[in-house]
Amino acid sequence: MKGIKALIILASPFIFGWIALFLGAYGVSPIMVLKILLNETLHVFNVGDIPEKAIIVDIRLPRVLLAGIVGACLSGAGVTLQGIFRNPLVDPFILGISAGAAFGCAITIGFLSFLPIQFMAFIFGITAVALAYTVARTQGEVSRLTLILSGVIVSAFFTALVSIVKFLVDPNKLQSIVYWLMGSFSLADWKGVKVSLLGVIFGLIPIFLMRWRLNVMSLGEEEAKALGVNVSRDRLLFIGFSTFAVAIATSLCGIIGWVGLMVPHLVRMLIGPDHKTLVPLSLAGGASFMIAADTISRTITSFDIPVGIITALTGAPFFIYLMKRGGKEAWGK
Amino acid sequence: MLEVKELYFRHKGEKRDILKGISFSAEKGFITTILGPNGSGKTTLFKCISGIWENYKGEVKVNGISIDKLPYKKRARLFSVVPQDHEPAFPYSVFDVVLMGRASYVGIFSSPGKKDYEKAETALELVGIRHLKDLPYTKISGGERQLVLIARAIAQEAPVMLLDEPTSHLDFKNQINVLKKIKEIASLKGLTVIMTLHDPNLASLFSDKIVVINSGNKIAEGSPKEVLTEKLIKRVYGIDVVKVDINGQNIICPLI
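So, how was this worked out
Residues numbered from 1 in each chain as written. Chains lettered and ligands numbered in written order. Predicted model: local features only at pLDDT ≥ 70, side-chain atom pairs only at ≥ 80, totals over all residues. Contact = placed C-beta atoms within 7 Å. Helix = DSSP H or I, 4+ residues; strand = E, 2+ residues; numbered from the N terminus. pLDDT = per-residue confidence, 0-100. Buried ≥ 20, exposed ≤ 12 C-beta atoms within 10 Å, placed from the backbone. Axes fitted to C-alpha atoms, helices over the stretch in contact; angles between N-to-C directions. Parallel < 35°, antiparallel > 145°, perpendicular 65-115°, else oblique. Left-handed = near helix turned anticlockwise from the far one by under 90°. Nonpolar A, V, L, I, M, F, W, Y, C, P; charged D, E, K, R; others polar. Pairing = 2+ DSSP bridges.

Section: the interface of chain B and chain A
If you look at the interface, chain B gives 28 residues, while chain A gives 23 residues. It is helix α2 (residues 72-78) of chain B that contributes the most residues to the side of chain B that touches chain A, five residues altogether.

Structural notes on the confidence of the model for chain B
Averaged over chain B, the pLDDT score is 91; the fraction of residues at 70 or greater is 100%. With a pTM of 0.91, the predicted complex shows an ipTM of 0.91.

Let's talk about the environment of Glu59(B)
Residues and elements named next belong to chain B. In this fold, Glu59 is placed in strand β4 (residues 57-62). The exposure class assigned to Glu59 is partly exposed, which follows from the 14 C-beta atoms found within 10 Å. Put simply, Glu59 and Glu3 are 56 residues apart on the chain and 8.0 Å apart in space, counted from C-alpha to C-alpha. Among residues more than four places away in sequence, those in contact with Glu59 are Lys5, Ser66 and Asp68.

A look at the packing of helix α4 (residues 97-110) of chain A against helix α6 (residues 144-168) of chain A
All names here are of chain A. Axis separation between α4 and α6 bottoms out at 8 Å; the angle between their running directions is 15 degrees. As far as their axial angle goes, α6 and α4 are roughly parallel. The handedness of the crossing between α4 and α6 is left-handed. Residues Ala99, Gly100, Ala102, Phe103, Ala106, Ile107 and Gly110 of α4 form the contact with α6, whose own contacting residues are Ser155, Phe158, Thr159, Leu161, Val162 and Val165. For the contact of α4 with α6, the residue count by class is nine nonpolar, four polar and no charged.

Points about the sheet that holds strand β9 (residues 209-214) of chain B
All names here are of chain B. Spatial ordering of the open sheet is given by β6-β7-β8-β3-β9-β10, a layout of six strands whose pairing is mixed. Taken across any chain shown, the strands that pair with only one partner, and hence form the sheet edges, are β6 (79-82) and β10 (217-222). Along the sheet, successive strands turn relative to each other by an average axial angle of 15 degrees, direction set aside. Direction of pairing for strand β7 (residues 160-163) relative to strand β8 (residues 192-197): parallel, over a ladder of four bridges.

Some details on the packing of helix α1 (residues 2-22) of chain A against helix α11 (residues 259-271) of chain A
All names here are of chain A. As a packed pair, α1 and α11 sit with axes 10 Å apart at the nearest point and diverge in direction by 155 degrees. The orientation of α1 relative to α11 falls into the category roughly antiparallel. When α1 is examined against α11, the residues Lys2, Lys5, Ala6 and Ile9 are found in contact with a partner set consisting of Val267, Leu270 and Ile271. Tallied by class, the residues present in the contact of α1 with α11 amount to five nonpolar, no polar and two charged.

Focus: the pairing of strand β1 (residues 2-9) of chain B
All names here are of chain B. Taken together, the six bridges between β1 and strand β2 (residues 19-26) define a ladder with antiparallel strand orientation. Of the residues in β2, the one forming a bridge with Phe9 is Leu19. In this structure, β1 lies alongside β4, joined through five bridges in antiparallel fashion. If you follow Leu2 over to β4, its bridge partner there is Val62.

Here's what the structure looks like:
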């Protein structure tokens, strides 16, 4: 039963991706989508030079791929952070990593355009999570509640810094910062897809390989050490890899919250907490979720709604549900 | 075997030593119990030996190797630690918890292999809790959880096993069951077992050697019969007792 559920989750990004390709303002039949894809990859169907081809290959396909990869990055970071902080209620957005990365991006766009945007996103993402963790740590213990509170504080701080950048920056650049901050895939292109692969290679793949360690780390520092894990080193690695994935994602499509919280939770409910299966399935689930959310955001009205709005509209009620369901247990140590 | 030599410990910034030069040894195949009232320093001693608190003075040796400054991985192969009953953040299955005992054998970028799964199975079998394998660790009883943690320590395959108050949250029946199991495994696997207890009777029934700690000092070390005298109990616990011999077992009965 679990095996079937796992297979469905693993297959879901491809199914959602296919649906996303044929939905949109310009109708393309589902069969034609497959034909065009096969024509592009294996050269088996010759579809000729039809307008559908340009729409699918140049516009929709990079957008779907980017949404999928960004979704996997955010969800992968979420499941990792939940594991190492032993806290099912955190994700990159709640811990302030997204806000930190956004600040890094904003100052790069505004003042430091000679630097790669991802670099500053990573630096400030790491700063944010380090701050949140340090603030929350009292007498060697990090309680669930204080970690979330310190994440809120750090998030607010970096959001304020982003506002300062917006205030000071050249009005021409302001518009691009504002639009990008809302979180959207409307500017997706193949170049973005290539950049996003960096997040996969230097963020998600190492996390995937190290995923079993998350089981041990989630027992807590003392126990993990007694079992032979170098907790300080491994925690640093996990935070580094997940922040890198989030920095790449944020630099490409702005702040998109809640994905990293919701998806790992849903997967855990379906197939259990063992990170050996939880991590890969969260990556797949994150990709599907983001593709679905983005498809809704661009098809529900005649214009493109920022996808961050869609994820927040689903995420906030979900968080409330978790809080109510978990009750006291969720907030304890 | 495990040797502790002249162990001193104080918390950072404090002037008072919590451990004041404790030395003792624990032998292979036997159970050594650290006994003492609350606040005697036995938990501190346990934390120093198990490497949780590292800024102690003195030496802890396992089979002649000083564990001080050993990397965690090597340390975990010398001794396993069974913590007090606790609840993990996520409801892992019993098998997943036991498998975590293999952490020191699994490389950082890999997952447990076939051999690790076999060792975890064998450990479950040995402790006699194979039927619990697929249940969530959070949904079983306290006694069963203690057995799961013992199975995890066995899967770790270390020559020394440290247990912190293995009976503290258990009812009478489970206290006896868990301690019997520990004794059985210690002699079967030839482990050096060190545990902390606060009940003198349980210590007397299940230990080969007792080390009595009070206010950071070692008061006595030896077999239960030698160590647990009426005078010592009065001195350490401050209550009057009478020692009774039942079928060759020493029982301490408080006078009330």
